[in-house]
Amino acid sequence: MGLPAGTARPRRRPPFAACLARFFHRFATIRCAATKTAKSWAGGEFCVYLLLAVWLTWPLARQPGTSLTVGSETAATVPLFTMWTVWWNADRASQGYRDYWTAPIFHPEADTFAFSEPMVTTSLVAPLLWLSGNRLLAQNVFLLLALALNGWAGFHLLRGVGIRRRWAAVGGGWIVWLPMVQNELGVLQLVPLGGILWTMLCLVRFGARPGAVRAVWLGVAFAVTYLTCANYGLFLSLLLPLGGVWLVGRHLGALRTWAVLPVAVLTGAALVAPVVVVQFRVAREQGLVRSPELAKRLSAKPADYLVARRPSWFEPAPVREHRQRTHFPLSPGLWHAAFALVGAGRGLAGRRRRAWTGFCLTVLGSAWLLSLGPGWELAGWRPYVLLMDWYPGFGQVRSPFRFAMFVQLTTVLLASCGLAELGRAVGSTTATLPRCGQTVLAGGCIVAFAGPAFWEARPQRQAMFTPLGIETQRGWIDWLLTNTAPDAVIACLPFPTGSHVADYEPTALWMYWSTFHGRRLVNGYSGFLPKSYATTKRQMVHFPDRASLDRLRSHGVTYCIIPRFYLTQADIEGDATARRHLQWRYGDDVAGVDIYSLVSEEGLRSNTARSGFAFIKHPTTPGKARLPSFAREKMGGHLCSMARPCQPTVSRRQTRWTT
């Protein structure tokens, strides 16, 4: 049957061309859907950022269950303490968060978990800790996930303000490698920036079209930020309203905006209230306030923002000299600063991203001024001191220089916008090229423009701390589990004699091992120290004299755990006071630890003579004269060392405790 008159016969496509056309049609459809929802690309983006996180923390991925990264810390105290915090959150999550604030440290103080960052969101890795029992693995997995989420959240924030996918992906990578994050890898609560970026994205969306649902998400995002790091949440509660005027300003005249804004505030307040109420109550009862002098010592100086994390060959002489004097290299990097200037200039000149640029510049400037702490004066008036007196929470902030995290973060966000503007300018001049040529050119621009910024912020090999395996401590830990009541109170010697963070590394190790026996400690370490613990620490310098033993007994201590390099059984036996008050119970030759029971007051009254005690001399401990107190304090330093990869420790005793 023929075709109607005047109808042209269609040409038959070759089978290969038809298949090729069908393939490109499906690819274009999938790509279009991915551009709208970003779901098809989410997994790939997250995996790329996870690989960047592994590179940043190398060699952590090679030994995730045995070591901790120290970052720029001079001791492993803080990494060990945050690992203990991760364990406590997992332990309480398994009990429905019952007795959450009654942590087993600083006995008999109450609400001891409120002395430091609770980091509630670390409960996300609780199932991993329950299944594996490995505390180090749980902390390291949370660290890597936090770094990857930093990049992923930054990518979606940049996409939300209209940055093309390729440039937003580069910006997310820059956030993963943020210089200050690299400096703070040893302080786990300062690493996650995902909550901050998510809050900014929710504010951008709320500013575009205010609504009740978007207000709820804004409150939830802020609560996640606070429950991850209370310091960041406190800083954000001040910076967000200052910069948010740019994003929400054009809707402030509408009644609907004022009707839904309280929804965001109430949602965030309701979610953080269970934590904030206890923190404020404990701070008021204990008098936990930082002095302006301490805050000033830990504040940034304007010249610190010229000092990069890694020195460069073209660094000016004044900056090189200041590097030797400062502890805070806060520069975001020369390339990031240059791109940020381009992004700020283009953003303010155009209308499309003017509000976003104003928001970033306001947050950047405010954070920079606040990072100067009490050192920032305005005609003799110190605004930061006023905040310490009147803004709830600022009186407990120890390190104002950490506002620099917001300075660097907003600088990188503006730099990503500047990179996108340069990429768009190059792309507009080559619009006549075929698509494959444009793709190659875009890749070249990424390498040429973004590559130097990545190189400038390239990571260094991380210093690792490897504590002794739990199998080396099983003897005395199993004895405690078998022979003591669950509510027994333990004192672990030696107590720290100094106030530097490195002096508390042995205490942090005792806290780590306490996660396996679960007994309460009179020892402890946290952001704040109870006043009663300061008194105990002073009296324990002369242990085992009568005053120190009576102090332990008044705190309900039933057992003392004493390393043999500090005091041997012969030392205890050779001291009349010690052998009257301490009764040897167990000796662990592998760990080099002895356990003594502290005789109660009733026992002292009923047994006034030494013969009344069942003292057993340990057969493997050689007898020697008691060490003077200054020698024991010096030997206590054997606990305060870190093991480095492929490097021997200083002494045999030191190796037993740290490798």
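Residues numbered from 1 in each chain as written. Predicted model: local features only at pLDDT ≥ 70, side-chain atom pairs only at ≥ 80, totals over all residues. Heavy atoms only, no water.

Let's talk about the overall build of the chain
Next, step 1: When you go through the chain residue by residue, the secondary structure sums to 27 helices and seven strands.
Next, step 2: Considering the chain as a whole, with its 659 residues, one finds that 53% of them fall into the buried category.
Next, step 3: Look at the contacts in the chain between residues 6 or more apart in sequence, and 78% of them connect residues 24 or more apart.
Next, step 4: Surface exposure of the chain reaches about 30,100 Å², of which carbon and sulfur atoms provide 63%. (Helix = DSSP H or I, 4+ residues; strand = E, 2+ residues; numbered from the N terminus. Buried < 20%, exposed > 50% of the residue type's maximum accessible area, 1.4 Å probe, protein only. Contact = heavy atoms within 4.5 Å. Areas by Shrake-Rupley, 256 points an atom, 1.4 Å probe, with all protein chains shown as cover.)

Quick look at the sheet that holds strand β7 (residues 593-598)
Next, step 1: Ordered in space as β4-β3-β5-β7-β6, the five strands form an open sheet in which the pairing is mixed. At either margin of the open sheet sits one strand with a lone partner, and together these are β4 (520-521) and β6 (582-588).
Next, step 2: Contacting β3 (489-492), β5 (559-563), β6 and β7, helix α19 (residues 474-483) runs over the sheet at an angle of about 125 degrees to β6. (Pairing = 2+ DSSP bridges. Axes fitted to C-alpha atoms, helices over the stretch in contact; angles between N-to-C directions.)

Re the side chain of asparagine 183
Next, step 1: With respect to the helices, strands and loops of the structure, asparagine 183 is situated in helix α7 (residues 179-183).
Next, step 2: Classification of asparagine 183 by relative accessible area gives buried; the value is 12%.
Next, step 3: In this structure the side chain of asparagine 183 is engaged in a polar contact, spanning 2.8 Å, whose partner is the side chain of arginine 309.
Next, step 4: Leaving out residues up to four positions away in the same chain, asparagine 183 has contacts with Gly71, Ser72, Arg309 and Pro329. (Polar contact = N/O pair within 3.5 Å; in protein donor to acceptor, adjacent residues only side chain to side chain.)

Looking at the environment of serine 67
Next, step 1: Structurally, serine 67 is set in the loop between α2 (39-56) and β1 (68-69).
Next, step 2: By relative accessible area, which is 0% here, serine 67 ends up buried.
Next, step 3: Leave out the neighbours within four places in its chain, and serine 67 touches Leu60, Leu136, Asn140, Met464, Phe465 and Thr466.
Next, step 4: A distance of 2.7 Å separates the side chain of serine 67 from the side chain of threonine 466, its partner in a polar contact.

With respect to the nonpolar core
Next, step 1: Ranked by internal contacts, the top residues of the largest apolar core, which has 179 residues, are Leu413, Trp476 and Phe543.
Next, step 2: What tryptophan 476 contacts, discounting residues up to four positions off in sequence, is Trp510, Trp513, His517, Ile561, Tyr586, Asp588, Ala591, Val593 and Ile595. (Core = buried A, V, L, I, M, F, W, Y, C linked by side-chain atoms within 4.5 Å.)

Here we look at the packing of helix α21 (residues 531-539) against helix α22 (residues 546-554)
The packing of two helices is summarised by the inter-axis angle and the distance between the axes.
Next, step 1: Look at α21 against α22: their axes get within 9 Å of each other, and the N-to-C directions meet at 145 degrees. As α21 runs across α22, the sense of the crossing is left-handed. The segment α21 lies against α22, with Ser532, Thr535, Thr536 and Gln539 engaging Ala547, Ser548 and Arg551.
Next, step 2: Its residues assigned to classes, the contact of α21 with α22 shows one nonpolar, five polar and one charged. (Left-handed = near helix turned anticlockwise from the far one by under 90°. Nonpolar A, V, L, I, M, F, W, Y, C, P; charged D, E, K, R; others polar.)

Details of the pairing of β5
Next, step 1: For β5, the buried fraction is high: five of the five residues fall into the buried class.
Next, step 2: Residue alternation in β5 divides its side chains into two sets, Tyr559, Ile561 and Pro563 and Cys560 and Ile562, and both sets are buried.
Next, step 3: Direction of pairing for β3 relative to β5: parallel, over a ladder of three bridges. Directly across from isoleucine 490, in β5, lies its bridge partner tyrosine 559.
Next, step 4: Relative to β7, β5 is paired through five bridges, and the arrangement is antiparallel. The residue of β7 that forms the bridge with isoleucine 562 is aspartate 594.

Section: the confidence of the model for the chain
Next, step 1: Taken residue by residue, the chain gives an average pLDDT of 83. The fraction at 70 or more is 82%.
Next, step 2: Overall, residues 23-38 carries pLDDT values under 50, and its contacts beyond four positions in sequence, including any with other chains, amount to nine contacts.
Next, step 3: In the predicted structure, residues 609-659 sits below a pLDDT of 50 and forms 112 contacts with residues beyond four places in sequence or in another chain. (pLDDT = per-residue confidence, 0-100.)

Points about the packing of aromatic side chains
Next, step 1: Under the criterion given, the structure shown has 38 aromatic pairs.
Next, step 2: Each ring, one from tryptophan 177 and one from phenylalanine 454, has its centre 5.5 Å from the other, and the planes form 85 degrees; the classification is edge-to-face. You can see tryptophan 177 sitting in the loop between α6 (165-176) and α7 and its partner phenylalanine 454 sitting in helix α18 (residues 435-456), a full 277 residues away along the chain.
Next, step 3: A ring pair is formed by tryptophan 356 and phenylalanine 359, whose centres lie 5.6 Å apart and whose planes are at 25 degrees; its orientation type is stacked. One end of the pair, tryptophan 356, and the other, phenylalanine 359, are both in helix α15 (residues 354-371), three residues apart, so they sit about a helical turn from each other. With respect to class, tryptophan 356 is no different from phenylalanine 359; both count as buried.
Next, step 4: An aromatic cluster is present here, built from Phe81, Trp84, Trp87, Trp88, Tyr97, Tyr100, Trp101, Phe113, Tyr504 and Tyr525 joined pairwise through their rings.
Next, step 5: For arginine 135, the ring lying beneath its charged end belongs to phenylalanine 516, and the centroid distance is 4.0 Å. (Phe/Tyr/Trp six-rings, centres within 6.5 Å; stacked < 30°, edge-to-face > 60°. Lys NZ or Arg CZ within 6 Å of the ring centre and 35° of its normal.)

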